[in-house]
Amino acid sequence: MNKFDVIIIGGGQAGLSVAYFLNRHGLKFLILDDNQKAGGAWNKAWDSLQLFSPGVYSSLSGWMLPPPEKEYPTKKEFISYLEKYEKRYNFPIERPVKVEDTVYENGLYRIKTNKGEYLTKAVVGATGTASGPKIPQYEGIDSFLGQQLHSVDYQKPSDIQGDKLLIVGGGNSGAQLVAELTQHKKVQWATLSPPNFLPDDVDGRHLFEQANKKYREYLKGEISEEAYSISDIVMLDSVKDARERGVLNHRPSTFTFTSDGVIWEDGTHEQFDTVLWCTGFSTKLDYLSSLNIVENEKVKTKNTKVLGQEGLWLVGMGNWTGYASATIYGVGKTARRTVEEIVAYILQ
Ligand SMILES: Cc1cc2nc3c(=O)[nH]c(=O)nc-3n(C[C@H](O)[C@H](O)[C@H](O)COP(=O)(O)OP(=O)(O)OC[C@H]3O[C@@H](n4cnc5c(N)ncnc54)[C@H](O)[C@@H]3O)c2cc1C
């Protein structure tokens, strides 16, 4: 059986960022990715998706995203960039290979996949969050007979059945899909708390500059107040257009389901054909189950290093694996640091 220094599980932007730094150290590594093609979770996003990070903040280490047609890159432009990025550096990637379990024995990891087994000294989990779409548990949800789908399964307006649509979730996905679908359907938007729209002149760039500042402070052991959150809604042209059309109305997402719709907090019933959940993601780490380290979909880490389990790192899972590590801009910093730790571990 072929033995590696490092196996990276997941070939999205986080996996490629780790590969970029490993490449420079000449370690023998392999990326295993269960996608059919390059692009990670971006392949699952809806067709019209525009990134909320401007072009300059949408590049991985070493090679800049070619200038997008508009300020904010489209999903297609970003996937094409990831495809070219992995070819440019000639990363060893096997696709589609799904990692099913990870076993640690005699100081080595045995990676069990649907295409056979691999041996490695170190493992990096870079599987993102898109395989764990989150749907909150609402009373009566099982009785609802209409269509339900999560934003990760939505591609285009014709995916939505019927005319009356309830969109749940007040982040960037919710706002962008309200903007798109109000042009095709009768939409009601329900949010846990009032959506936080960034001022028009505070674009994604500010969020990332703030993330950068916060990261520098974090390295110095300081913590500052955030002016804006990375989950606040960036006023892309499509969202501004929705505001002009007067369709960004929302109401609290307090309701129970009936077979054909919902009953709102004030007791009124409203019929819906479809519910679109824009309610985010949670980390899915089934492929580490034999290690018995996953608790409530999380693992104890110090930065990206899994505590109590040598040779294992998790990259790009969210703030708990590095500030803004689940963004294009943020993942490079955590990847670089992770590879420094891996090199020290392999060479010890
Ligand atoms: C709607 C939306 C918009 C976003 N917009 C932005 C933005 O504008 N700017 C920004 O910086 N960030 C944005 N993000 C956040 C983030 O950049 C993306 O979620 C990004 O795809 C995360 O990359 P990743 O490599 O960590 O994970 P992924 O892209 O999910 O890649 C993980 C890969 O691992 C594979 N995998 C999973 N499990 C296994 C397994 N068991 N075995 C083998 N392979 C496996 C997956 O199939 C996938 O190919 C957005 C996120 C969403 C959901």
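Residues numbered from 1 in each chain as written. Predicted model: local features only at pLDDT ≥ 70, side-chain atom pairs only at ≥ 80, totals over all residues. Heavy atoms only, no water.

Draft legend 1. View of the overall build of the protein. Within the protein, the secondary structure is distributed over 6 helices and 17 strands. Computed over C-alpha atoms, the radius of gyration of the protein comes to 21 Å, within 12% of the 20 Å expected from 2.2 N^0.38 for 348 residues, which places it in the range of a compact globule. Its C-alpha atoms give the protein principal-axis dimensions of about 65 × 45 × 40 Å. Expressed as a percentage of its 348 residues, the buried residues of the protein come to 53%. Taking the contacts inside the protein whose residues are at least 6 apart along the sequence as the reference set, 64% of them involve residues at least 24 apart. Approximately 16300 Å² of the protein is accessible, and the part contributed by carbon and sulfur atoms is 48%. A gap of 7 Å separates the mean positions of the 39 positive and 43 negative side-chain charges of the protein. (Helix = DSSP H or I, 4+ residues; strand = E, 2+ residues; numbered from the N terminus. Rg over C-alpha atoms; globule rule 2.2 N^0.38 Å. Buried < 20%, exposed > 50% of the residue type's maximum accessible area, 1.4 Å probe, protein only. Contact = heavy atoms within 4.5 Å. Areas by Shrake-Rupley, 256 points an atom, 1.4 Å probe, with all protein chains shown as cover. Lys, Arg positive; Asp, Glu negative; His and termini not counted. Charge placed at Lys NZ, Arg CZ, Asp CG, Glu CD.)

Draft legend 2. Region of the structure containing the site of the ligand. Near the ligand there are 32 residues, and of these Asp33, Asp34, Ala41, Phe52 and Ser53 occur at the shortest range. Interatomic distance of 2.8 Å between a side-chain N/O atom of serine 53 and a nitrogen atom of the ligand. For the ligand, whose unbound accessible area comes to 970 Å², protein coverage reaches 88%. The class makeup of the residues in the shell around the ligand is 17 nonpolar, 12 polar and 3 charged. (Near = heavy atom within 4 Å. Polar contact = N/O pair within 3.5 Å; in protein donor to acceptor, adjacent residues only side chain to side chain. Nonpolar A, V, L, I, M, F, W, Y, C, P; charged D, E, K, R; others polar.)

Draft legend 3. View of the environment of valine 18. In this fold, valine 18 is placed in helix α1 (residues 13-23). In this structure valine 18 comes out as buried when scored by relative accessible area, which is 0%. In this structure the C-alpha to C-alpha distance between valine 18 and glutamine 183, which are 165 residues apart in sequence, comes to 41 Å. The contact partners of valine 18, leaving out residues within four places of it in the chain, are Ile8, Val124, Val315, Ala335 and Val339.

Draft legend 4. Examining the sheet that holds strand β9 (residues 186-191) more closely. In spatial order, the strands read β7-β14-β8-β9-β10; together these 5 strands make up an open sheet with parallel pairing. This sheet does not close on itself; its edge strands, each paired only once, are β7 (147-150) and β10 (251-252). Bridge count for β7 against strand β14 (residues 274-277) is 4 bridges, and the pairing is parallel. The residue of β14 that forms the bridge with glutamine 147 is threonine 274. Running at roughly 165° to strand β8 (residues 164-168), helix α3 (residues 172-181) makes contact with β8, β9 and β14 of the sheet. (Pairing = 2+ DSSP bridges. Axes fitted to C-alpha atoms, helices over the stretch in contact; angles between N-to-C directions.)

Draft legend 5. Just the pattern of salt bridges, in detail. As enumerated under the stated definition, the model contains 15 salt bridges in all. Linking arginine 251 and aspartate 266 is a salt bridge whose minimum nitrogen-to-oxygen distance equals 3.9 Å. Here arginine 251 is found in strand β10, whereas its partner aspartate 266 is found in the loop between β12 (261-264) and β13 (269-271), with 15 residues between them in sequence. On the basis of relative accessible area, arginine 251 is assigned to the partly exposed category, the value being 23%. Given the relative accessible area of 55%, aspartate 266 is considered exposed. Put simply, Asp33, Glu86 and Arg95 are held in one network by salt bridges that share partners. (Salt bridge = Lys/Arg side-chain N within 4 Å of Asp/Glu carboxyl O.)

Worth remembering: the numbers are spatial, not functional.
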